[in-house]
Amino acid sequence: MRKSETNDSSVDVIIVGAGFAGMYMLYYLRKKGLKARILEAGDDVGGTWYWNRYPGARCDVESMAYSYSFDEELQQEWNWSTKFSYQPEILDYLKTVADRFDLNQDIFLKSRVLSAEYEEEVNIWRVRTDTGVEYSAKFCVMATGCLSVPKNPKIDGLERFEGETFYTWNWPKEKVDLAGKRVGVIGTGSSGVQCIPVIATDASHLSVFQRTPNFSVPAFNRALEKYEADTVKKTYKQLREKARNSIAGDFPDEGTITLGELPINLQRHHLEESWKKGGFNMQYPFTDLLTDAKVNEVVGEFVREKIRSIVKDPKTAEALSPRNHPFGTKRMCVEDDYYQTFNRKNVSLIDLSASPIEEIVSLGVKTTTKLHHLDILVLATGFDAMTGALTAIDIRGRGGVALRDKWKNGARTFLGMTIAEFPNFFTVTGPGSPSVLCNMVSAIEQSVEWIGDCIKYVEEKGYGGIEARRSAENKWTAHVSDAADQTLYPLANSWYVGANISDKARGFMPYVNGLKVYEETCQREADADYQNFTLTRKIQ
Ligand code: FAD
Ligand code: NAP
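What comes next is a walk through the structure.

## Examining the pairing of strand 7 (residues 139-142)
Of the two faces of strand 7, the one carrying F139 and V141 and the one carrying C140 and M142 are both buried. When strand 7 meets strand 19 (residues 425-427), the two strands line up parallel, connected through three bridges. Bridge pairing in strand 19 places C140 opposite F425.

Dropping the structure here:
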């Protein structure tokens, strides 16, 4: 039985969120001799993997890498059944971790944090939840997730639909019966691309409403053979080190050659090899993929050719072919049977760029050309990424300054983990960190360890608090933006720049220079006794 609704101000740190980040934060702080509590909105641990239960939901970073590295016994004992595990298995893994390390006693479930306020006079964060209970602690860590607050799709008439409506981010725990039903899916990002092939096999008819096609590459998911897992396990330590010293925090080699360094007659073969390896290997065929538009176009056209070779109807193939953004500048989708699904007789693609949705009516989706009759509507319309979970909470720092106001014209952080005017306050995977451009578990482990070490330092040295200097925040925010401008990333209207949310300030949020460079920068800061922070004396 997990606890809830108990007020307890005897902890050093309040953590918000019980996903990969919050759970490791709790474990790490305990290891450092500090007391912490997690407040979690859901009725169980797991974060992303608790909420996103839609058919076909799974990771697209291989599970042997998309898992915690902090405990050798855990990583040796745990067995993944497929290369890319499905949501139930990842959730089971996270619940097992919570049990194994006795985390549940410090996790308060069904506790959505509504506000967090810094009280300067007493140097305390006061955190209020929807249970009416208030918690307080000297430090507050937001492990609230980058992709945990859904975007409001703002489609007229959504509430008038008389069939059933489901959101991929909050799919029911009970089985949804799709057999014999006419189903519509709106959205063709990673969530849509994963659920569409699975829904197509059950539904009597599936209508896919696509506004913008995305680049999608095959996962070639399959059972993970014991010998394969054993091979990884033998060298786990080295592989984890390799991941932390890479750009994307993952195991695959990230490439060493530019397109121009390969003779023309070998370029095609090289791309085929990357394609065959599956998943994110397609992101690393050439080191200049994301910096040289011409190189990028070669790869983009290679993928479009693949789409044309799979999808039988040329018109549908063309509609599925991305042409408005360079390859990899939006989060690449990793699929199984996605393009093949459009060869099925019971599936139709509705190209919203040609005939936009006018409104949802009681019977289905009405576009400018047709009413599509539906029994079930699935919304795979995405998230208010990176900042949404933070601005959903009324967070107030020194002098009552509201984070929502501070970030009105764009998120500003120092190292993606700290914010000027918000003392003793940390964000894991916040804007300005490499998080979403990485295998996020590697990125999370790095950030959690840095934050935990920082809190321990403040406590050990007897300081009252630590706060990023505004000058450091300005410099880091400009650096994050400049680094992105050296790449093709900002050319896409992606959620990386906040383009999917109508009233969000546009700015590239993740840090593009990779996990290794980022970790070295963070470590230098710690080694220099946090010289870019103000450390305050303890209040007696
Ligand atoms: P989350 O898992 O999002 O957990 C945050 C928790 O905070 C949630 O449980 C939420 O309920 C809670 N919370 C938020 N606000 C509040 C509040 N106000 N009060 C209380 N609790 C709150 N990344 C990869 O690297 N590889 C993948 O293959 C991959 N697949 C993904 C698949 C899906 C469907 C999605 C949506 C994301 C995927 N991601 C993937 C990104 C994924 O979010 C991260 O890998 C990782 O799970 C994030 O962990 P987290 O703990 O930081 O955040
Ligand atoms: P997403 O990538 O933002 O995709 C949302 C989709 O919904 C887009 O196709 C978008 O079209 C469409 N959409 C939004 N509002 C719409 C509207 N009003 N009308 C019509 N279409 C609309 O969201 P996501 O698919 O949930 O993925 C988000 C991120 O989560 C991913 O990028 C990835 O990082 C992570 N994720 C990973 C996996 C995985 O494979 N492991 C699975 C799911 C999610 P436009 O592009 O035209 O706006």
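## Topic: the site of ligand 1
Not every one of the 33 residues close to ligand 1 is listed here, only the nearest: E40, T48, D60, Y66 and M440. A distance of 2.9 Å is found between an oxygen atom of ligand 1 and a backbone nitrogen or oxygen belonging to A21. E40 is positioned such that a nitrogen or oxygen atom in its side chain is 2.7 Å from an oxygen atom of ligand 1. Across the complex, the protein chains shield 95% of the 970 Å² of accessible surface that ligand 1 would expose by itself. Within the residue set of the shell around ligand 1, elements represented by two or more residues are helix 1 (20-31), helix 2 (48-51) and helix 14 (440-460). Here the element with the most residues in the shell around ligand 1 is helix 2; it accounts for three residues. Taken together, the residues that form the shell around ligand 1 break down as 20 nonpolar, ten polar and three charged.

## Concerning helix 7 (residues 236-244)
Along helix 7, the residues that are buried comprise Y236, L239, R240, A243 and R244. All buried residues of helix 7 project into a common sector of 140 degrees when viewed along the axis, lining one side. Residues of helix 7 that are exposed and point over 90 degrees away from its buried face: K237 and Q238. Close packing links the buried residues of helix 7 with helix 3 (72-77), helix 6 (226-234), helix 14 and helix 16 (515-527).

## Digging into the side chain of S115
Take S115: it is sitting in strand 4 (residues 113-119). Taking relative accessible area as the criterion, S115 reaches 13% and is therefore assigned buried. Excluding residues within four positions of it along the chain, S115 makes contact with R126, V127, R128, I393 and D394.

## Notes on the site of ligand 2
The immediate surroundings of ligand 2 are formed by 25 residues, with R58, S191, Q194, R211 and T212 found nearest. R58 is positioned such that a nitrogen or oxygen atom in its backbone is 2.9 Å from a nitrogen atom of ligand 2. Backbone polar atom of A380 to an oxygen atom of ligand 2: 3.3 Å apart, as the coordinates give it. For ligand 2, the protein covers 88% of the area, taking 910 Å² as the surface of the free molecule. Of the residues contributing to the shell around ligand 2, the split by class is ten nonpolar, nine polar and six charged.

## Some remarks on unusual backbone geometry
Within the chain, K154 stands out as a residue other than glycine whose phi angle is a positive 50 degrees. In this structure, K154 sits in the loop between strand 7 and strand 8 (164-167). Since its relative accessible area comes to 56%, K154 is described here as exposed. Positive phi outside glycine occurs at D337, with the angle close to 65 degrees.

Reading guide: rules and limits
- Residues numbered from 1 in each chain as written.
- Chains lettered and ligands numbered in written order.
- Predicted model: local features only at pLDDT ≥ 70, side-chain atom pairs only at ≥ 80, totals over all residues.
- Heavy atoms only, no water.
- Buried < 20%, exposed > 50% of the residue type's maximum accessible area, 1.4 Å probe, protein only.
- Helix = DSSP H or I, 4+ residues; strand = E, 2+ residues; numbered from the N terminus.
- Pairing = 2+ DSSP bridges.
- Near = heavy atom within 4 Å.
- Polar contact = N/O pair within 3.5 Å; in protein donor to acceptor, adjacent residues only side chain to side chain.
- Areas by Shrake-Rupley, 256 points an atom, 1.4 Å probe, with all protein chains shown as cover.
- Nonpolar A, V, L, I, M, F, W, Y, C, P; charged D, E, K, R; others polar.
- Arc of directions from axis to C-beta.
- Contact = heavy atoms within 4.5 Å.

From the geometry alone we can't say anything about function, so treat these as descriptive.
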